[in-house]
Amino acid sequence: MAVQSWPAGTVVALATHGDGPHVIPVSAALRAADGDVWLALARGRGSLARLRADPGVAVLVVAAGDVAVTLYGSAAVVHEALVDGVAAVRVVVTDVARHERATFVIDSGVVWHWTDEQARARDADVNAALVRLAQTA
């Protein structure tokens with residue numbers, strides 16, 4: 001199943017189930033060559049507990065390059081300690097809802113940057129580790 005890619009650094013929205021839908025922004029997300037989605041989540045996130053209880057998730061991506069999709073699938077924690085305090089999650093994509101239309105174009109997604117140098121460096125480490133994990137899976 002072809003899945004659109006998105007620019008590095010794109011913030012996606014992860015929706016999990018629980019006592020109702022829960023949606024969080026995720027700053028470390030990538031699409032693997034096989035179409036799966038890889039996410040890095042802080043181990044204290046309630047989303048990890050929710051996806052362990054119910055692995056059905058949705059990942060909304062709105063990004064530069066006219067990317068507007070929701071990816072549905074089954075999520076699993078595949079590495080408890082991607083880096084200290086961060087777990088790696090693999091979403092096996094089973095369905096794609098494409099949202100692009102001839103009447104509009106997505107020029108950009110969420111634009112953000114780290115204001116703390118330590119947080120920026122940690123995010124770079126998390127993203128590099130996620131890329132390495134996705135490439136070896």
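Residues numbered from 1 in each chain as written. Predicted model: local features only at pLDDT ≥ 70, side-chain atom pairs only at ≥ 80, totals over all residues. Heavy atoms only, no water.

## Quick word on the pattern of salt bridges
If the charged atoms of two oppositely charged side chains come close together, the side chains can form a pair. Selection rule: Each reported salt bridge corresponds to a side-chain nitrogen of Lys or Arg within 4 Å of a carboxyl oxygen of Asp or Glu. In this text, helices come from DSSP runs of H or I with a minimum length of four residues, and strands from runs of E with a minimum of two, each type numbered from the N-terminal end. Type-normalised accessible area, obtained with a 1.4 Å probe on protein chains alone, sets the label of each residue: buried when under 20%, exposed when over 50%, and partly exposed for intermediate values.
Inspection of the entire model under this criterion finds four salt bridges. Residue Arg-120 pairs with Glu-117 through a salt bridge whose shortest N-O separation is 2.6 Å. In this pair, Arg-120 and Glu-117 are both assigned in helix 2 (residues 117–136), three residues apart and thus about one turn of the helix distant. Under the relative-accessibility criterion, Glu-117 is labelled exposed at 51%. By sharing partners, the salt bridges in this structure join Asp-34, Asp-36 and Arg-90 into a single network.

## A look at the sheet that holds strand 1 (residues 12–16)
Using the following cut-off: Strands are treated as partners if at least two bridges between them are detected by DSSP. Here, axes are lines fitted to C-alpha atoms. For helices the fit covers the stretch in contact, and angles between N-to-C directions go from 0 to 180 degrees. We call two residues in contact when some of their heavy atoms are within 4.5 Å.
Spatially, the seven strands line up as an open sheet ordered 2-1-5-6-7-4-3, and their pairing is antiparallel. Looking at which strands have only one partner, the edges of the open sheet turn out to be strand 2 (22–26) and strand 3 (29–31). Along the sheet, successive strands turn relative to each other by an average axial angle of 30°, direction set aside. Relative to strand 2, strand 1 runs antiparallel, the two sharing five bridges. When the bridges of strand 2 are listed, Ala-15 appears paired with Val-23. Those strands touched by helix 1 (residues 46–53) are strand 1, strand 2, strand 4 (37–42), strand 5 (56–63), strand 6 (67–83) and strand 7 (86–98), and its axis lies near 100° from that of strand 6. Contacting strand 3, strand 4, strand 6 and strand 7, helix 2 runs over the sheet at an angle of about 95° to strand 6.

## Thoughts on the nonpolar core
Counted only if it meets this: Nonpolar cores are built from buried Ala, Val, Leu, Ile, Met, Phe, Trp, Tyr and Cys residues. Side-chain atoms within 4.5 Å join them into one set.
With 24 residues, the main nonpolar core has Leu-39, Val-61, Leu-71 and Val-91 as its most contacted residues. Of all elements in the fold, only strand 1, strand 2, strand 4, helix 1, strand 5, strand 6 and strand 7 reach the threshold of two or more residues within this core. Here this core gets five residues from one element, more than from any other, and that element is strand 7. In this structure, Ala-40, Leu-82, Val-86 and Val-126 belong to the second largest nonpolar core, which totals 14 residues.

## Thoughts on the pairing of strand 5
Pairing geometry for strand 1 and strand 5, over three bridges, is antiparallel. Its bridge partner being in strand 5, Ala-15 is matched across the sheet by Ala-58. Looking at chain direction, strand 5 and strand 6 are connected through eight bridges and run antiparallel. Bridge pairing links Val-62 to Ala-68 in strand 6.

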